Amino acid sequence: MTTASENRSGRIFALIPAAGVGKRMGAGIPKQYMPVAGKPMLARTVAALSAVARIERIFVVVSAGDPFIDGVARNFGDRVAVLRAGGAERADSVLGGLAAAELPEDAWVLVHDAARPCVRPEDVDRLIDAVTADAGAAGGILAVPVADTVKLADAEGRIVRTVPREGLWRAATPQLFRAGELARALGAGLEGITDEASAMERAGAVVRVIPCGADNIKVTRPGDERLAQLILGENTMAIPDIRVGQGYDSHRLVEGRPLILGGVRVPFERGLDGHSDADVLLHAVTDAVLGAASLGDIGTHFPPSDPKWKGADSGRLLSAVMDLVRARGWTVVNLDATVICERPKLGPLKAEIRENVARLLGVTPDRVAIKAKTNERMDAVGREEGMMAQAAVLLARG
Ligand code: MG
């Protein structure tokens, strides 16, 4: 059988077949999408492999009609590609993925179960080190030495004998082989093939076992996801994807204009001057949302030079911005905003303003705080020449 040679490619890729329907878990969704520690299992598995810096690209192989993958893949990162090349059986998905990924024949490919979200990046690194350093091996797999006493029993559950456990391993993943050799081994037929290594063994290849932690479990039966959650809780610190943004705005007070704050008409003898309705509070909130999502500012999206926004309801501008950030997966966690003016007193209208801003942000009012301050008669705001507003918003995506 072919052996690794030093002048062949050292490029390393990963392939995660994830086209299964998870019959054993009995859940309404395929098991790779079931939540583990608050995230879809597939997202956890991809994140574990993404922590291995040497992997050039990770291919996730799903079925052609998979309706779940787009929502999950949004957060995969630049090194991950989704291939809709899955088949009925795992080996079909591996073969389909190898073909669709168009990997060089001699590239290394780590095939990893979508249902093993707890694999440790350092174990994957040891697998790569061991296999690529061994010129006599065609590949290798992560595996767990059998620690329990092993019994062979008959169909009635009676022990026939005790099997010596020396040399027995439980095969795990990833399993690392050259892409071309693996495709040929699997392509020779799938009868009796339960993992990539078994196809390579049948082809006469030397395949190594590299020990990994017993916590590299395969989530297979109901309850396994809770075990995975416990393991991940010990080994990883989940950093939520959250972003903070701040916004500031000011407008002059003039005669003959209505005063609009937070989309609510406020009874007052003067109003704020501006191209749109000059809602100083909603402008600060809109800039805070745009800032949190790193999507520019209100002036770039709604330029004052554009007659389209003349007299515009600023609630419509904020709604348009919320559509933008939602399309990128963000939701609002909370908003804290302050309006600074000497008059009028906003107290009686604060609840209405809060409810309207919450509605525009798509959250319940308990996530919105609207505060009012005077400027203690200092400076332009203190002389009632204008009003200012400040806002801080927190966005999150799962
Ligand atoms: Mg403004």
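Here is a short report on the structure shown in this document. (Residues numbered from 1 in each chain as written. Predicted model: local features only at pLDDT ≥ 70, side-chain atom pairs only at ≥ 80, totals over all residues. Heavy atoms only, no water.)

**Regarding unusual backbone geometry**
The condition that has to hold: Numbering goes from the N terminus for both helices and strands, where a helix is a DSSP run of H or I of at least four residues and a strand is a run of E of at least two.
Following Thr173, the chain continues to Pro174 via a peptide bond in cis, the omega torsion being 10°. For Pro174, the position within the fold is in strand E10 (residues 169-178). Note the cis peptide between Arg343 and Pro344, where omega equals -5°. In this structure, Glu102 takes a positive phi of about 50° despite not being glycine. Note on placement: Glu102 falls in the loop between helix H3 (90-101) and strand E6 (108-111). Positive phi is not limited to glycine here, since Asp379 has a value of about 60°. Inspection of the secondary structure assignment puts Asp379 in helix H12 (residues 379-382).

**Looking at the pairing of strand E4 (residues 57-61)**
On a regular strand, each side chain points to the face opposite its neighbour's, so the side chains alternate between the two faces of the sheet. This is how it is decided: Throughout, exposure labels follow a simple rule: accessible area from a 1.4 Å probe, protein chains only, divided by the maximum for the residue type, with under 20% read as buried, over 50% as exposed, and the rest as partly exposed. The pairing criterion is simple: DSSP has to find at least two bridges between the two strands.
Among the five residues in E4, four count as buried, and that is most of the element. Where strand E1 (residues 12-17) and E4 come together, five bridges link them in parallel fashion. Looking across to E4, one finds that Ala14 is bridged to Ile58. Inspection of the sheet shows E4 paired to strand E5 (residues 80-83) by four bridges, in the parallel sense. Looking at E5, one finds that Val60 is bridged to Val82.

**Side note on the coordination of the magnesium ion**
Stated formally: Donor atoms: N, O and S within 2.8 Å of the metal, or within 3.2 Å for Na, K and Ca. Because water is excluded, sites can look incomplete.
Asp249 (OD), His251 (NE2) and His283 (ND1) make up the full set of protein donors to the magnesium ion, lying at 2.1 to 2.2 Å. Read in sequence order, the donor residues coordinating the magnesium ion give the pattern D-x1-H-x31-H. Here His283 lies in helix H8 (residues 280-292) and His251 lies in strand E12 (residues 241-254), a separation of 32 residues in the sequence. We classify His251 as buried; its relative accessible area is 15%. Given a relative accessible area of 9%, His283 falls into the buried group.

**Quick look at the pattern of salt bridges**
Here is the rule we go by: We define a salt bridge as a contact between a side-chain nitrogen of Lys or Arg and a carboxyl oxygen of Asp or Glu at a distance within 4 Å.
One pass over the structure, following the stated rule, counts 23 salt bridges. Measuring nitrogen to oxygen at the nearest pair gives 2.2 Å for the salt bridge that ties Asp113 to Arg90. Taken together, the residues Asp113 in the loop between E6 and helix H4 (121-133) and Arg90 in helix H3 connect sequence positions 23 residues apart. Looking at Arg90, the relative accessible area reads 24%, which means it is partly exposed.

**As for the side chain of Asp215**
The cut-off we apply is this: Counting of polar contacts relies on pairs of N or O atoms within 3.5 Å, with two restrictions inside protein: one atom must be capable of donating a hydrogen and the other of accepting it, and residues adjacent in sequence are counted only when both atoms are side-chain atoms.
Note on placement: Asp215 falls in the loop between strand E11 (207-211) and helix H7 (224-235). For Asp215, a relative accessible area of 16% gives the class buried. Within the local environment of Asp215, its side chain forms a polar contact with the side chain of Arg120, the two groups lying 2.5 Å apart.

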